[in-house]
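Examining the three-dimensional arrangement
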Amino acid sequence: MSKNKTQLEVNPNLSPDPVGIRGHHFLCMQGFQGYGYNQDFALHMQKVVDFIIKNPPCKLELLTECDELCSHCPHREGEICSKDPNAEENIKKMDLLVLEKLDIQEGSKIQARKIFEHVNNIFKTREDVMEVCGNCLWRDKCLWFMGKPF
Ligand code: SF4
Ligand code: SF4
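Now for a description of the structure that goes with this document.

Let us now look at the site of ligand 2. All residues adjacent to ligand 2 are Arg22, His25, Tyr37, Phe41, Cys70, Cys73, Arg76, Cys81, Lys83 and Ile91. A class-by-class count of the residues in the shell around ligand 2 yields six nonpolar, one polar and three charged.

Turning to the pairing of strand E2 (residues 59-63), a few remarks are in order. In terms of residue burial, E2 counts as a mostly covered element, since four of its five residues are buried. Two strands pair when backbone bridges link them, and strand E1 (residues 19-22) and E2 are joined in this way by four bridges, in the parallel orientation. Bridging across to E2, Ile21 finds its partner in Leu62. As paired elements, E2 and strand E5 (residues 109-111) share three bridges and run antiparallel to each other. Opposite Leu60, over in E5, you have Ile110 as the bridge partner.

A few words on the site of ligand 1. In the vicinity of ligand 1, the contacting residues are Leu27, Cys28, Met94, Cys133, Cys136, Trp138, Arg139, Cys142, Trp144 and Phe145. Of all elements in the fold, only helix H1 (25-31) and helix H6 (143-146) reach the threshold of two or more residues within the shell around ligand 1. Looking at the shell around ligand 1, its residues break down into nine nonpolar, no polar and one charged.

What follows concerns helix H3 (residues 87-102). Turn by turn, an α-helix covers 3.6 residues, leaving residues three or four places apart pointing in a common direction. For H3, with 16 residues, the first-to-last C-alpha span of 22 Å sits near the 22 Å given by 1.5 Å per residue. Turning to H3, its buried residues number three or more, namely Ala87, Ile91, Asp95, Leu97, Val98, Leu99 and Leu102. Two residues or fewer after H3 comes Asp103, characterised by a positive phi angle close to 60°.

If you walk through the whole model with that rule in mind, you get zero disulfides. Unpaired in this structure, Cys66 has its nearest cysteine sulfur neighbour in Cys70, at a distance of 4.1 Å. The class of Cys66 is buried, set by a relative accessible area of 1%.

It is worth spelling out the packing of aromatic side chains at this point. Tallied over the entire structure, the rule returns four aromatic pairs. Judged by centre distance (6.2 Å) and plane angle (70°), the rings of Phe123 and Trp144 are edge-to-face. Here Phe123, found in the loop between helix H4 (112-122) and helix H5 (126-133), pairs with Trp144, found in helix H6; they are 21 residues apart in sequence, far enough to count as distant. Each residue in the set Tyr37, Phe41 and Trp138 is aromatic and connected to the rest through ring pairs, giving one cluster. Directly above the aromatic system of Phe145 lies the positively charged group of Arg126, at a separation of 4.4 Å from the ring centroid.

Reading the values: the criteria
Residues numbered from 1 in each chain as written. Chains lettered and ligands numbered in written order. Predicted model: local features only at pLDDT ≥ 70, side-chain atom pairs only at ≥ 80, totals over all residues. Heavy atoms only, no water. Near = heavy atom within 4 Å. Nonpolar A, V, L, I, M, F, W, Y, C, P; charged D, E, K, R; others polar. Buried < 20%, exposed > 50% of the residue type's maximum accessible area, 1.4 Å probe, protein only. Helix = DSSP H or I, 4+ residues; strand = E, 2+ residues; numbered from the N terminus. Pairing = 2+ DSSP bridges. Expected span 1.5 Å × (residues − 1). Disulfide = S-S within 2.5 Å. Phe/Tyr/Trp six-rings, centres within 6.5 Å; stacked < 30°, edge-to-face > 60°. Lys NZ or Arg CZ within 6 Å of the ring centre and 35° of its normal.

Below is the structure:
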């Protein structure tokens with residue numbers, strides 16, 4: 001099983017460790033309020049978010065490729081994102097930008113509590129996040145984005 005195909009269970013005793021998460025999803029998970037590309041995607045994302053909230057010491061692996069959240073996305077085709085013709089390239093760029101701003105190497109495995117603290121120390125204002133979130137269609141539904149002060 002590849003590192004980004006792990007199946008999450010809410011029971012911490014069954015937790016995969018680490019869970020693979022692509023860079024920009026460290027932002028998106030914090031703004032999630034139930035919306036998604038379809039019901040399966042949204043339910044799975046809720047499960048992942050709940051799991052991480054309940055298990056802050058769990059380790060997350062930083063990826064720039066399809067991850068645990070993508071695993072239930074209707075836009076995933078094999079190991080790539082096919083949301084639109086340029087999605088794979090553009091979304092990977094978003095992930096790389098996030099990792100660059102965090103100054104963390106792809107493949108690093110970090111405790112969830114620490115990585116989210118770090119993310120929120122780096123991305124503090126609306127200006128900080130615009131480079132990553134500027135073209136996102138979910139901005140008006142993303143609590144994390146909406147909560148960033150100007
Ligand atoms: S605005 Fe979009 S890209 Fe930015 S954190 Fe929210 S969902 Fe993710
Ligand atoms: S749209 Fe692409 S990057 Fe976003 S969750 Fe779906 S497959 Fe993953």
